[in-house]
Amino acid sequence: GSVSAGQVVGIGSALAIHDQTVAVAGYTGLPGAFNLTIFIYEKIDGVWSTTNLPLTVAPPSFTLQWEMAMSDNHLVVGTPGKVAIFQRESAGWQLQQEMTGGSEGFGTDVAIEGDVIAVGDPDDTTGTNSGVVYLHTMTGPDWTLAQTLTPVLPDDPEAVVRNFGQSVAMAG
């Protein structure tokens with residue numbers, strides 16, 4: 001399509017790779033209302049094919065922060081205040097579930113390993129006022145909150161932990 005005056009266009013703002021599948025985030029739009037498109041490239045029988053997954057988000061400011069993580073059959077996309085989970089099915093990639101958090105920091109970073117998704121939220125002020133990481137597990141067809149991780153503060157009463165949940169990672 002065409003690009004209007006004042007629109008922002010970008011590709012490669014986030015990337016996720018698993019086996020023979022690559023997901024690349026791209027966006028168009030005006031500040032305050034971006035259309036995020038995930039370009040899925042899959043190598044099947046030696047040939048790369050592509051599928052586009054449209055997602056519309058409206059961040060509160062000019063923040064182009066998208067994070068993605070991929071496992072065998074799931075793609076997790078974190079956007080300001082929202083996480084979308086796509087599942088690979090025989091008909092292609094389908095939106096399986098969307099989750100929202102208590103702050104715009106929800107989804108700042110995401111990770112997936114097997115049937116566990118980690119969602120970072122450094123802006124969440126519950127508990128220690130320093131951020132949290134939410135762990136969601138697959139329960140039947142849905143992803144449900146299993147545990148909320150908060151930082152362990154040192155014994156020093158003057159100690160401050162900031163930006164917990166800014167970055168998350170998982171391994172086997």
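Relevant structure appears above.
Residues numbered from 1 in each chain as written. Predicted model: local features only at pLDDT ≥ 70, side-chain atom pairs only at ≥ 80, totals over all residues. Heavy atoms only, no water.

Describing the overall build of the chain
Thought 1: A tally of regular secondary structure across the chain gives 0 helices and 12 strands.
Thought 2: Going through the 172 residues of the chain one by one, you find that 40% of them count as buried.
Thought 3: Carbon and sulfur atoms form 50% of the exposed surface of the chain, whose accessible area is close to 9,100 Å². (Helix = DSSP H or I, 4+ residues; strand = E, 2+ residues; numbered from the N terminus. Buried < 20%, exposed > 50% of the residue type's maximum accessible area, 1.4 Å probe, protein only. Areas by Shrake-Rupley, 256 points an atom, 1.4 Å probe, with all protein chains shown as cover.)

Quick word on unusual backbone geometry
Apart from glycine, the bulk of residues carry a negative phi angle, and the bulk of peptide bonds sit in the trans form.
Thought 1: For Asp19, which is not a glycine, the phi torsion comes out positive at approximately 55°.
Thought 2: When you line up the elements, Asp19 lands in the loop between strand 1 (8-18) and strand 2 (21-30).
Thought 3: Residue Asp45 is not a glycine yet carries a positive backbone phi of 55°.
Thought 4: Secondary-structure assignment places Asp45 in the loop between strand 3 (33-44) and strand 4 (47-57).
Thought 5: Classification of Asp45 as exposed rests on a relative accessible area of 79%.

Some details on the sheet that holds strand 5 (residues 67-70)
Thought 1: Spatially, the 4 strands line up as an open sheet ordered 5-6-7-8, and their pairing is antiparallel. At either end of the open sheet lies a strand with only one pairing partner, and these are strand 5 and strand 8 (92-100). Averaged over all pairs of adjacent strands, the angle between their axes in this sheet comes to 20°, without regard to strand direction.
Thought 2: Sheet analysis places strand 7 (residues 82-89) next to strand 8, joined by 8 bridges and oriented antiparallel. Residue Ala84 lies in a different strand from strand 8, and its bridge partner there is Glu98. (Pairing = 2+ DSSP bridges. Axes fitted to C-alpha atoms, helices over the stretch in contact; angles between N-to-C directions.)

A closer look at the nonpolar core
Thought 1: Judged by nonpolar contacts, the single largest core of 17 residues is most densely connected at Ala23, Ile38, Met68 and Leu75.
Thought 2: Those elements giving two or more residues to this core turn out to be strand 1, strand 2, strand 3, strand 5, strand 6 (74-79) and strand 7.
Thought 3: With residues up to four places along the chain from it excluded, the contact list for Met68 reads Ala14, Leu15, Ala16, Ala23, Val24, Ala25, Ile38, Leu75, Val76, Val77 and Val110. (Core = buried A, V, L, I, M, F, W, Y, C linked by side-chain atoms within 4.5 Å. Contact = heavy atoms within 4.5 Å.)

Some points on the pairing of strand 12 (residues 142-149)
On any regular strand, side chains alternate: one points to one face of the sheet, the next to the other face.
Thought 1: Note that strand 11 (residues 132-139) and strand 12 share 7 bridges and pair antiparallel. In the strand pairing of strand 12, Thr139 is matched with Asp142.

What about the packing of aromatic side chains?
Thought 1: Evaluation of the coordinates by the stated rule reveals 1 aromatic pair.
Thought 2: Both rings, one in Phe106 and one in Tyr134, keep their centres 5.7 Å apart while their planes meet at 55°; by these two values the pair is tilted. Placement of the pair is Phe106 in the loop between strand 8 and strand 9 (109-113) and Tyr134 in strand 11, with a sequence separation of 28 residues. Tyr134 matches Phe106 in its accessibility class, with the two residues each being buried. (Phe/Tyr/Trp six-rings, centres within 6.5 Å; stacked < 30°, edge-to-face > 60°.)

Some points on the sheet that holds strand 12
Thought 1: In space, the 4 strands of this open sheet follow the order 9-10-11-12, with antiparallel pairing throughout. Taken across any chain shown, the strands that pair with only one partner, and hence form the sheet edges, are strand 9 and strand 12. Direction aside, neighbouring strands of the sheet carry axes that sit 25° apart on average.

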